[in-house]
Amino acid sequence: MVQVAENSTNALFLDVYQSIEAQSRVPLGQLFADLLAYMSGKDVDLEERVHSFFDSFFPVAYHHSVNSNQKDFSETFKECLRDAQVEIRPFGDLSEKIASQISRSFEAARTFLEALQLGLEVINTTEHMDFGPECSEAFVRLTYCPQCQGFLQAKPCAGLCLNVVRGCLASVSELDDSWSEYVSALERLTSGMVGIYNIEHVLSTLDTKISETVSYLMANSAEITKRVSVIIAICNRFK
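Notes on the structure follow. (Residues numbered from 1 in each chain as written. Predicted model: local features only at pLDDT ≥ 70, side-chain atom pairs only at ≥ 80, totals over all residues. Heavy atoms only, no water.)

Looking now at the overall build of the protein. A tally of regular secondary structure across the protein gives 14 helices and zero strands. For 239 residues, the compact-globule estimate of 2.2 N^0.38 gives 18 Å, and the protein exceeds it by more than 25% at 29 Å. When the 239 residues of the protein are sorted by exposure, 34% land in the buried category. Looking at the protein alone, contacts between residues at least 24 apart form 76% of all its contacts between residues at least 6 apart. The centroid of the 19 positive side-chain charges in the protein is displaced by 8 Å from the centroid of its 32 negative side-chain charges. (Helix = DSSP H or I, 4+ residues; strand = E, 2+ residues; numbered from the N terminus. Rg over C-alpha atoms; globule rule 2.2 N^0.38 Å. Buried < 20%, exposed > 50% of the residue type's maximum accessible area, 1.4 Å probe, protein only. Contact = heavy atoms within 4.5 Å. Lys, Arg positive; Asp, Glu negative; His and termini not counted. Charge placed at Lys NZ, Arg CZ, Asp CG, Glu CD.)

Below you can see the structure in the form of structure tokens.
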């Protein structure tokens, strides 16, 4: 899903924002690399990384919205804009919302994947348990029981199935309560992975949300330029 979202975002920039597509590749590439790293178990502060993306993206989007026909800003001026992004708020509260949604949805998704992996390890452990020769023979006998083979209309095997389960799976049955709690916890977790905190929803709409931040900056370019002018005394000499 991360790779599909990256492809969709790159396609959007190629189609709609051609003038800044090339300059946007590095910050966009880093953003999606951070998302993949987090889902791989790396120690990544996603909320901080999303904010870092918008810090890097601001000079690119600002140049596109106010003077795309002029030459590009100098690196020093871009750095000045990046440092002032929090004060200027060129994307309103959109960037904060995107950072929060990504952080919370990815945290839930990674927890869910880790829980599934834990469950798989438990299943693999119990699947390879040694029940001893007597139980092995009993399990073989069960394969000849019509009831156990699915012929439900056949006469039951005189309690053989139940006796084998009671005698041979007693140790495994001790896992029942803990396993039930584990399954219930997964159900509670998935019930919270809905709406704006559903990772599939967040990723499938990420290209649109990033596009909305550019639209916001363009629609409010006059006001944002006034805010930039507050720091222009510092930045102007580095143009």
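Anyway, onward from the coordinates.
All right, on to the environment of His-64 then. Along the chain, His-64 falls in helix α3 (residues 46–66). Sequence-wise, His-64 and Leu-12 are 52 residues apart; in three dimensions their C-alpha atoms are separated by 15 Å. Side-chain polar atoms of His-64 contact the side chain of Ser-19, separated by 2.6 Å. (Polar contact = N/O pair within 3.5 Å; in protein donor to acceptor, adjacent residues only side chain to side chain.)

This next bit is on unusual backbone geometry. You will see that Arg-89, though not glycine, has its phi angle at about 50°, which is positive. Of note, Arg-89 is situated in the loop between α5 (85–88) and α6 (94–127).

Another point: the packing of α3 against α6. Think of two packed helices as two axes; the pair is described by the angle between the axes and how far apart they sit. Where α3 contacts α6, the axes come no closer than 8 Å and their chain directions differ by 145°. Considering only the axes of α3 and α6, their crossing is right-handed. Between α3 and α6, the contacting residues are Leu-46, Glu-47, Val-50, His-51 and Phe-54 on the first element and Ser-95, Glu-96, Ile-98, Ala-99, Ser-100, Ile-102, Ser-103 and Phe-106 on the second. Looking at the contact of α3 with α6, its residues break down into seven nonpolar, four polar and two charged. (Axes fitted to C-alpha atoms, helices over the stretch in contact; angles between N-to-C directions. Left-handed = near helix turned anticlockwise from the far one by under 90°. Nonpolar A, V, L, I, M, F, W, Y, C, P; charged D, E, K, R; others polar.)

Right, let's get into the packing of aromatic side chains. Inspection of the entire model under this criterion finds 10 aromatic pairs. Geometrically, the ring pair formed by Phe-58 and Tyr-62 is tilted, given 5.6 Å between the ring centres and 50° between the ring planes. Remark: Tyr-62 and Phe-58 occur in helix α3; sequence separation between them is four residues, near one turn of the helix. For the pair formed by Phe-58 and Tyr-62, the shared burial category is buried. (Phe/Tyr/Trp six-rings, centres within 6.5 Å; stacked < 30°, edge-to-face > 60°.)

What follows covers the state of the cysteines. Scanning the entire structure with this criterion turns up one disulfide. Across a sulfur-sulfur distance of 2.0 Å, Cys-135 and Cys-168 are joined as a disulfide pair. On the sign convention where negative is left-handed, the bridge of Cys-135 and Cys-168, at about -100° about the S-S bond, is left-handed. On the criterion of sequence distance, the pair formed by Cys-135 in helix α7 (residues 132–142) and Cys-168 in helix α8 (residues 160–168) is long-range, its members being 33 residues apart. In this structure Cys-135 comes out as buried when scored by relative accessible area, which is 11%. (Disulfide = S-S within 2.5 Å.)

Looking now at the environment of Lys-209. Among the secondary structure elements, Lys-209 is positioned in helix α12 (residues 206–219). Each C-alpha atom of the pair Lys-209 and Ser-19 lies 19 Å from the other, and the pair is 190 residues apart in sequence. Setting aside its immediate chain neighbours within four residues, Lys-209 contacts Ile-98 and Gln-101.

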